[in-house]
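One-letter residues, chain by chain:
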Amino acid sequence: MNHSIETENLSLWYGDFQALIDVSVKIPDGQITSLIGPSGCGKTTLLRCFNRVNERYGNVTTEGKIEILGKNIYDPDVSLPELRKAVGMVFQRPNPLPISVYENILFGLRIHSPMRSITRTESDQIVEEALTSVFLWEDLKDKLKVRATSLQLEQQQKLCIARLLPLKPKIILMDEPCSALDAKGTLAVEELMEILAGTYTFLIVTHNMAQARRVSEECIFMFLGELIEHRETQALFEDPKHEKTADYVQMRYG
Amino acid sequence: MNILRKKSAANVPFSETVIETFIRLCGVSAIVFVFGIFFFVFREGAGFLFGGLDLGQFLTSPEWYPTSLSNKRYGTLALILGTFSVTALAMCIAVPFGLGAAIFVSEFCSPKLRETFKIIIELLAAIPSVVWGFIGLTLMNQLIIAVFNAPIGLTMLNGGIMLALMSVPIIVSIAEDALKAVPDSYREAAEALGATRWQVVYRVLLPAAKNGLLAAVLLGAARSIGETMAVLMATGHSVNIPSGPLSWIRTLTATIAAELGEVARGAEHYQVLFIIGILLFTITFVVNLIADLVIKGIRQDS
Ligand SMILES: Nc1ncnc2c1ncn2[C@@H]1O[C@H](COP(=O)(O)OP(=O)(O)O)[C@@H](O)[C@H]1O
Ligand SMILES: [Mg+2]
C-alpha cells in the first residue's frame, strides 16, 4: 500500500516545551484516517506539521523527517505555496475569508494562477462544481455575492471544504471539522468525506469516537505528544493493544 | 445569599465615589471645552457673517485685500485652494509612505524591529510643527532651489512635504491598528491555501481593513488641513491661485495666524478671520465625522 504522509522520529518544540515526541507514522493513500486523543496531546500540532503552517508561530522547532507524497517537505527546493496547494486544511473553527462566497471558492485558484487567467465562464463553472460537491449549490446559488462570514456555521465549514477542491489537493487535513456543527451538519460533513475519499486522502482529528468509528479505516491514538497506537479502526476500538488506548476508548466510548 | 445582594450606596467605598465623580467631570469638561471653543469662535464672527459679509464673494473670489483703504475685499478662494492643494499634495506623498510603513510594521517586520520602528514614528509625531516649519524654511528651501532650479523654494511642494512628514505618523499608527484588528485566522486561512505574504496583504488584509485604512488617510488629511505654523513658514505665504507644485501659496490657517495679531478687536477684518475659523472648523469637522463613520463601519462589519 502507498502512503501519502510518512514521518520518522518527528519531534516538535514550542519554545522549550516539547509537543511532539518521536512520532513515526504512515498515513495510507486515498483513505480516511482518524486521529484521536485527549486535548493537548498534540493532534492539532501534528496536523499542522504536514502543511508547515506551524511555522507561522515564530518559536517552533521541528526535528525528524516528514515526507508528503514521497517528498521530504523540508527539502530546500520545496515551495510552500505548492505544498499547501497539495495539502488542504480544514480548521476547527470555520474560517472563510471576509469576501464573497464566490471569491472564497476561487481564492485558491486565483493565488496559484497568473492574474486574469481565469475566464468568467470557467470560474462560474468551478464555483458551481465545488459547491455542488459539498451539497451547498442549491442553498447558495442565489447567495454567491454574499459575504461568506455571514453564512451559518455549517455552511461556512462546508464552504471551507469546498474552497479546497478547485486546487485538486491530494491530501485534506481536518482538525475537528465538526466541533462547531450540530448533529445534522456533522453527518453531512461525514457523508461528504466518504464520497470524496478515494480521490483524496483524509486525516481527521476528532473527539467524537463514534465519528472515528463511522468514517475512518485506520485510527491513530496519541497521548502527551506520543503516538501510542495506530491500527485499523475496528481493531483499535475493539481490541486495543495498549493500556492507555484502552482507558481512553473506554472512558470516551463506554 | 449575602454575597449576591446588591450593594447599597453606603457600602460603596468613598474613594470609589470620588474617583467616579472625577472621571465623569473630566468627560463632561471635554465636551464643554469643545462647545465653548466653537461658541467663542462663532460669537466673534457672527456679527459680520450675518450682517454685511457677501458669502458668495467670500467663498468664490480670489481677492483677499482685507487692509485696502479704498476697497476692502474678503475673497478666500485662493486661501481655500491653497489649503486644499497643499493638503492634496501632502496626501499624495504621505498615503503611500504611511500605508506602506503600516503594512511593513504589522506584517513583515520582526517584533524587535517593530518596536524600534514605532519609537521612530512616535518621535516623528512629537516634533513641534514650528520645527518642521524651520526645516522647510532652511533645508528644504535650499534643496528645492537646487533640485528644481526654482527662484525660491518656499512653495506648495515644500509645505506639502512638511505636512506629509507630519501626517505620516498618524496614518501609520491608525492604519497599523486597522491591520492588527484583522483576525489572524484570516491570514492563517489564506496562508494554508498557499498564499504568499504579499498575496495575503493585497487579497485579504487590504479588503478586510479598508475602512480603517481610509479612516487613517482621512485623519491624516484633517491634520494637514488644520496645520498652521509649518505651512506659514514653508509655503511662501502669498495669496495666489496655485498653478503647480512650485507655486507659492497661502492657506486658511496661516492667514489667521499671521493676521490676527495685527487687527483691531471687533473690526470687520477681525471678524472675517473668525469666519475663516468657522470655515476651517466645519471642514475638519466634516472630515473627522466621515472618518468616524467609516471606523464605525468597520466595527459593524467584523
Ligand atoms: N502556539 C503554541 N505555543 C505554545 N504551546 C502550544 C502552542 N500550540 C499548542 N501548544 C501546546 O502544545 C500542546 C499540544 O497542543 P495541540 O496540538 O493543540 O493539542 P490538541 O490539538 O491535541 O488538543 C498543548 O500542551 C498546547 O498547550
Ligand atoms: Mg486541537
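Residues numbered from 1 in each chain as written. Chains lettered and ligands numbered in written order. Predicted model: local features only at pLDDT ≥ 70, side-chain atom pairs only at ≥ 80, totals over all residues. Heavy atoms only, no water.

(A) Here's a closer look at the overall build of chain B. Per the secondary structure count, chain B includes twelve helices and two strands. Listed N to C, the secondary structure of chain B is α-α-β-β-α-α-α-α-α-α-α-α-α-α in terms of helices and strands. In terms of overall dimensions, chain B has C-alpha extents of about 85 × 60 × 30 Å along its principal axes. Put simply, 69% of the contacts in chain B that link residues at least 6 apart link residues at least 24 apart. On chain B, the mean spot of the 20 positive side-chain charges and the mean spot of the 19 negative ones are 5 Å from each other. (Helix = DSSP H or I, 4+ residues; strand = E, 2+ residues; numbered from the N terminus. Contact = heavy atoms within 4.5 Å. Lys, Arg positive; Asp, Glu negative; His and termini not counted. Charge placed at Lys NZ, Arg CZ, Asp CG, Glu CD.)

(B) Just a negative patch on the surface, in detail. On the surface, a cluster of negative charge is made up of Glu191(A), Glu194(A), Glu217(A) and Glu232(A). Within the fold, Glu191(A) resides in helix 7 (residues 183-196). (Patch = residues over 30% accessible without salt bridge, like charges linked within 9 Å, V, L, I, M, F, W, Y side chains within 5 Å. Areas by Shrake-Rupley, 256 points an atom, 1.4 Å probe, with all protein chains shown as cover. Salt bridge = Lys/Arg side-chain N within 4 Å of Asp/Glu carboxyl O.)

(C) Broad picture of the interface of chain B and chain A. Residue-level contacts link 19 residues of chain B with 23 residues of chain A. Run the count over chain B and chain A and you get four salt bridges. Note that Arg56(A) and Asp184(B) form a salt bridge whose closest N and O atoms lie 3.1 Å from each other. At the boundary of chain B with chain A, the tally comes to six residue pairs in polar contact (both at pLDDT 80 or more). Within the residue set of the side of chain B that touches chain A, elements represented by two or more residues are helix 7 (184-192) and helix 8 (197-208) of chain B. Ranked by the residues each element gives to the side of chain B that touches chain A, the list is headed by helix 7 of chain B, at nine residues. (Polar contact = N/O pair within 3.5 Å; in protein donor to acceptor, adjacent residues only side chain to side chain.)

(D) Focus on the site of ligand 1. Residues and elements named next belong to chain A. Close to ligand 1 lie Tyr-14, Phe-17, Ala-19, Ser-39, Gly-40, Cys-41, Gly-42, Lys-43, Thr-44, Thr-45 and Tyr-57, which account for all nearby residues. One of the side-chain N or O atoms of Lys-43 is found 2.9 Å from an oxygen atom in ligand 1. Between ligand 1 and Thr-45, the relevant distance is 2.4 Å, taken from an oxygen atom to a side-chain nitrogen or oxygen of the residue. For ligand 1, whose free accessible area comes to 560 Å², the fraction covered by protein is 65%. (Near = heavy atom within 4 Å.)

(E) Up close: the sheet that holds strand 5 (residues 71-72) of chain A. Residue and element names in this part refer to chain A. In spatial order, the strands read 2-1-4-5; together these four strands make up an open sheet with antiparallel pairing. Of all strands in the sheet, those with a lone pairing partner are strand 2 (17-28) and strand 5, marking the two edges. As paired strands, strand 1 (residues 3-14) and strand 4 (residues 60-68) are joined by eight bridges and run antiparallel to one another. In the strand pairing of strand 4, Glu-6 is matched with Glu-67. (Pairing = 2+ DSSP bridges.)

(F) Spatial organisation of the pattern of salt bridges. Tallied over the full model, the rule gives 25 salt bridges over all chains. A salt bridge links Glu154(A) to Lys158(A); the shortest N-O distance between them is 3.3 Å. Of this pair, Glu154(A) and Lys158(A) both sit in helix 6 (residues 153-162), four residues apart, roughly one helical turn. For the pair shown, Glu154(A) and Lys158(A) are each scored as buried. The network of salt bridges with common partners includes Arg48(A), Arg56(A), Glu107(B), Asp184(B), Arg187(B), Glu188(B) and Glu191(B). (Buried < 20%, exposed > 50% of the residue type's maximum accessible area, 1.4 Å probe, protein only.)

(G) Here's a closer look at unusual backbone geometry. All names here are of chain A. The phi torsion at Phe-135 lies on the positive side, around 60°, for a residue other than glycine. Its place among the elements puts Phe-135 in the loop between helix 4 (120-133) and helix 5 (137-140). Owing to a relative accessible area of 42%, Phe-135 belongs among the partly exposed residues under this scheme. Here Lys-168, not a glycine, exhibits a phi torsion of approximately 50°, which is positive.

(H) Just the sheet that holds strand 10 (residues 226-232) of chain A, in detail. All names here are of chain A. Pairing in this open sheet of six strands is mixed, and the strands run 6-7-8-3-9-10 from one edge to the other. The strands lining the two open edges of the sheet, one partner per strand, are strand 6 (87-90) and strand 10. The mean angle between the axes of side-by-side strands here comes to 15°, regardless of whether they run parallel or antiparallel. Summarising the sheet, strand 9 (residues 218-223) and strand 10 pair through six bridges and their orientation is antiparallel. Along strand 10, the bridge assignment pairs Phe-223 with Glu-226. (Axes fitted to C-alpha atoms, helices over the stretch in contact; angles between N-to-C directions.)

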